Each structure stands twice: as structure tokens, then as C-alpha cells.
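The residues making up each chain are set out below.
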Amino acid sequence: MIDMKGKVAVILGVANNRSIAYSIAEKLAQAGSTIVLCYQSERLKKAAEDLIAELGQTGQARAIQLDVSSDEQIDAAFAEIAQHFPVIHTVIHSVAFAPADAIKNDFLETKREDFRIAHDVSVYSLIAVARAAAPLMTEGGSMLTLTYFGSQVVFPNYNVMGVAKAALEATVRYLAASLGPRNIRVNAVSAGPIKTLAARGIGDFATILDKVTERAPLHRNVEQAEVGNTALFLSSDLASGITGEVTYVDCGFNITGI
Ligand code: NAD
Ligand code: 0WE
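1. Observations concerning the overall build of the protein
When you go through the protein residue by residue, the secondary structure sums to seven helices and seven strands. Reading the helices (α) and strands (β) of the protein from amino to carboxyl end gives β-α-β-α-β-α-β-α-β-α-β-α-α-β. Relative to its length of 258 residues, the protein is compact, with a C-alpha radius of gyration of 17 Å against a globular reference of 18 Å. Expressed as lengths along the three principal axes of its C-alpha atoms, the size of the protein is roughly 50 × 40 × 35 Å. Going through the 258 residues of the protein one by one, you find that 52% of them count as buried. When the 22 basic and 27 acidic side-chain charges of the protein are each reduced to a single mean position, those positions are 1 Å apart.

2. Considering the nonpolar core
Core analysis: the largest hydrophobic core is formed by 49 residues, its most contacted members being Ile 11, Leu 28, Ile 35, Leu 37 and Val 227. Looking at this core, the elements with two or more residues in it are β1 (8-12), α1 (20-30), β2 (34-39), α2 (45-54), β5 (141-147), α5 (159-179), β6 (184-191) and α7 (224-235). In terms of residues, this core owes the most to one element, α1, which gives seven residues. With residues near it in sequence (within four places) discarded, Leu 28 still touches Met 4, Ala 9, Ile 11, Ser 33, Ile 35, Thr 90, Ile 92, Leu 232 and Ser 235.

3. As for the side chain of Ser 94
Relative to the helices and strands, Ser 94 is located in the loop between β4 (90-93) and α4 (112-133). You can call Ser 94 buried: its relative accessible area is 15%. Beyond its immediate chain neighbours, meaning those up to four positions away, Ser 94 contacts Leu 12, Gly 13, Ile 20, Ala 21 and Leu 146.

4. Quick look at the site of ligand 2
Close contacts around ligand 2 come from 13 residues, with Ala 98, Tyr 158, Ala 198, Ile 202 and Ile 208 the closest. A distance of 2.8 Å is found between an oxygen atom of ligand 2 and a side-chain nitrogen or oxygen belonging to Tyr 158. Bound to the protein, ligand 2 loses 85% of the 590 Å² it would expose on its own. Its residues assigned to classes, the shell around ligand 2 comprises 12 nonpolar, one polar and no charged.

5. Thoughts on the site of ligand 1
Ser 19, Ile 20, Gln 40, Ile 194 and Thr 196 are the nearest of the 27 residues found near ligand 1. The contact in question runs from an oxygen atom of ligand 1 to an N or O atom on the side chain of Lys 165, over 2.9 Å. Backbone polar atom of Ile 194 to an oxygen atom of ligand 1: 2.8 Å apart, as the coordinates give it. In the complex, 92% of the free accessible area of ligand 1, which totals 810 Å², lies under the protein chains. Classifying every residue of the shell around ligand 1 by side-chain character gives 18 nonpolar, seven polar and two charged.

6. Considering the pairing of β2
Within β2, six of the six residues are buried, which leaves the element mostly enclosed by the surrounding structure. When β1 meets β2, the two strands line up parallel, connected through five bridges. Residue pairing in the sheet places Leu 12 in a bridge with Cys 38 of β2. Read as a crossover between parallel neighbours, the route from β1 over α1 to β2 is right-handed. One ladder, built from four bridges, connects β2 with strand β3 (residues 62-65); its direction is parallel. In the sheet register, Tyr 39 faces β3, and the bridge partner there is Gln 65.

7. Notes on the sheet that holds β6
Read from one edge to the other, the open sheet built from seven strands follows the order β3-β2-β1-β4-β5-β6-β7, with strand pairing classed as parallel. Two strands close off the open sheet at either side, each with one partner strand: β3 and β7 (246-249). Strand-to-strand twist of the sheet, defined as the mean angle between neighbouring strand axes without regard to direction, takes the value 20°. Together, β2 and β3 form the strand contacts of α2, whose direction differs from that of β2 by roughly 165°. In this fold α5 packs onto β5, β6 and β7, with an angle of close to 170° to the strand it touches most, β5.

8. Focus on the pattern of salt bridges
Applying the stated criterion across every chain yields a total of six salt bridges. Residue Glu 226 pairs with Arg 220 through a salt bridge whose shortest N-O separation is 2.7 Å. A relative accessible area of 32% places Arg 220 in the partly exposed class. Because the salt bridges share partners, they merge into one network encompassing Glu 113, Arg 116 and Asp 120.

9. Thoughts on a nonpolar patch on the surface
Taken together, the side chains of Phe 107, Phe 115 and Val 163 make up a nonpolar region of the molecular surface, amounting to roughly 250 Å² of accessible area. Note that Phe 115 resides in helix α4.

About the thresholds
Residues numbered from 1 in each chain as written. Chains lettered and ligands numbered in written order. Predicted model: local features only at pLDDT ≥ 70, side-chain atom pairs only at ≥ 80, totals over all residues. Heavy atoms only, no water. Helix = DSSP H or I, 4+ residues; strand = E, 2+ residues; numbered from the N terminus. Rg over C-alpha atoms; globule rule 2.2 N^0.38 Å. Buried < 20%, exposed > 50% of the residue type's maximum accessible area, 1.4 Å probe, protein only. Lys, Arg positive; Asp, Glu negative; His and termini not counted. Charge placed at Lys NZ, Arg CZ, Asp CG, Glu CD. Core = buried A, V, L, I, M, F, W, Y, C linked by side-chain atoms within 4.5 Å. Contact = heavy atoms within 4.5 Å. Near = heavy atom within 4 Å. Polar contact = N/O pair within 3.5 Å; in protein donor to acceptor, adjacent residues only side chain to side chain. Areas by Shrake-Rupley, 256 points an atom, 1.4 Å probe, with all protein chains shown as cover. Nonpolar A, V, L, I, M, F, W, Y, C, P; charged D, E, K, R; others polar. Pairing = 2+ DSSP bridges. Right-handed = clockwise from strand over helix to strand, strands pointing away. Axes fitted to C-alpha atoms, helices over the stretch in contact; angles between N-to-C directions. Salt bridge = Lys/Arg side-chain N within 4 Å of Asp/Glu carboxyl O. Patch = residues over 30% accessible without salt bridge, like charges linked within 9 Å, V, L, I, M, F, W, Y side chains within 5 Å.

The structure is reproduced here in C-alpha cells:
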């Protein structure tokens, strides 16, 4: 059993209890971590507070607003976190966004502004959050982000998100090199397709899930809890020698050729 007692985890990207970040929060909480949940907007505040309560957290746990496209909100959120927790150990970055047009239209039509937004929210935010979090990670620790195989090969409609995930995976390597001397590890989990809010409204998502069942070595789709378990492992001291890596949690889909 992995023991995270006395550790503080800051988690970004919980929209509801189907979010991958929620499953990660559950696993970290069950292992004894204190959880700080960051929600994107006022609209998600109550949901975040309810989820904290569901996780059975004690008085210390809290929910804080943080839209990662704002430097001011990143600074304010980590200043508030620092007031409550002088030391944090884990950061989970489970955030991605591209304007709907960009993941619907032909890739050739990708607009400059849509490219910018996708990379700002889905990639630059990891650097900005890492810079704000690192001064609180004085005992070393682990940062994790979520990526998708669309960074390596083409999936219809994934489009600019695939380009952003490729940049995110490279960012993980450069951050790992930058933060290694402080004993802060930086990794990514590449999850197979999962029906979450971010997958809603994506045309043919059911087809993508069916293809995985047919082709993946395990002949099924991955579940949030499996991503949560891997995130717990990578966040823990059991993974003390792993940094700069992309770990696939996809029932083996990415190793198959046809
Ligand atoms: P989700 O919709 O539950 O989570 C996405 C989160 O991003 C939401 O909580 C949303 O509030 C947050 N977000 C978007 N813009 C933001 C901003 N400006 N500031 C702060 N937060 C912002 O969906 P999910 O599937 O749990 O996605 C989480 C991560 O997992 C994403 O990085 C996604 O690319 C990745 N991923 C998802 C799948 C999948 O099939 N669902 C597969 C592989 C990787
Ligand atoms: O990273 C993602 C999706 C992230 C995402 C989702 C949305 C939907 C709503 C980013 N931006 C937006 N913008 C919106 O307006 N995934 C890994 C899930 C996903 O999305 C796909 C997939 C998979 C898997 C799109 C096409 C093909 C496969």
C-alpha cells in the first residue's frame, strides 16, 4: 500500500466526478494525501467543494479558483496555497482546451488564435504552474500531466490538440531537466480514450472506443481508476527514479501496428 500521509497534492482539472483528475484525487486521498483542488471558474466552485467533501478530507483540504490562462490567478492561487501549506509535494496538471472549431474542422484550416489558445491553456500552463509550485516543493516531489497518443500519430479531428500534446511531452522533458536538481520529478501519463466531459461532443468518440476494444492487447478500454492508480504510483517515492517519461495507460493500444 502506497503511503502519502503528510503529503500535500495540488490538483488542477477537476470538472466533475468523471474527470481523470477526480480519479487521481480519489487515489491520492485514499493513500493519505491532503488535497487542494483547483477549479477553473466560479461556475465550478460548488462542485469542487462538494468533491472535497466526498473525498472525506479533513479541515485542511480546500478548493481554490485557478484559470491557467491568467498569470495573476496562478500567482494568487499559489500565494493562497502557501498561506495554508508551507510545503507541497505533488502537482497534478490535468488541463487541456482547444476552441471547438479547431477540433472539428480540417487541420489545414487551423486559425492562429485557436493554435495560440490550445498551446497556452494545454502546454504553457504546465510551465507557469511548475514555476509557481516549485518554491513550495522544498522536500522534492512530483509533477504529472495528462497526454494522449494523438501527439505521436494522427487521429481524425484531434488536430491542433495533437500538436499541443507533442509540445506538452517535450515540455515534460525540459521541465524534468530544469527541476531535477531540486529533486522534483516531472512525468506524463498518456491515457487511452475515456468518456469524460472533454470527450463529449467529439464526433465518432464511440467509434474510437470500439477500435480500442478490437485492437488493444487487453481488448477493452481503460478506466479512470487505472489512470488514477498509475498517477498515484508516479507521485509516490516508489517512482523516485522516474522523471521526464511518458507512461502509457491505454490497455496497450499504442504498441499495436494494425
Ligand atoms: P475534463 O473535461 O474532466 O477535464 C479537463 C479540465 O480542464 C476541466 O476540469 C477544465 O475545467 C480544465 N480546464 C480547461 N481550460 C482551463 C483553464 N483555462 N484553466 C483551468 N482549467 C481549465 O476531461 P478529462 O478527460 O479528465 O481531461 C483531463 C486531461 O486528460 C486533459 O489534459 C486531456 O487532454 C487528458 N486526456 C484525456 C483523455 C480522454 O479520452 N478523456 C485521454 C488522454 C488524455
Ligand atoms: O485531449 C482530449 C480532448 C481535450 C479537449 C476537448 C475539448 C472538447 C470541447 C480539448 N478542447 C476541447 N474543446 C471543446 O470545445 N482527449 C484526449 C479526448 C479526445 O478528444 C478527441 C479524441 C480524444 C481521445 C478528439 C478527436 C479524436 C479523439
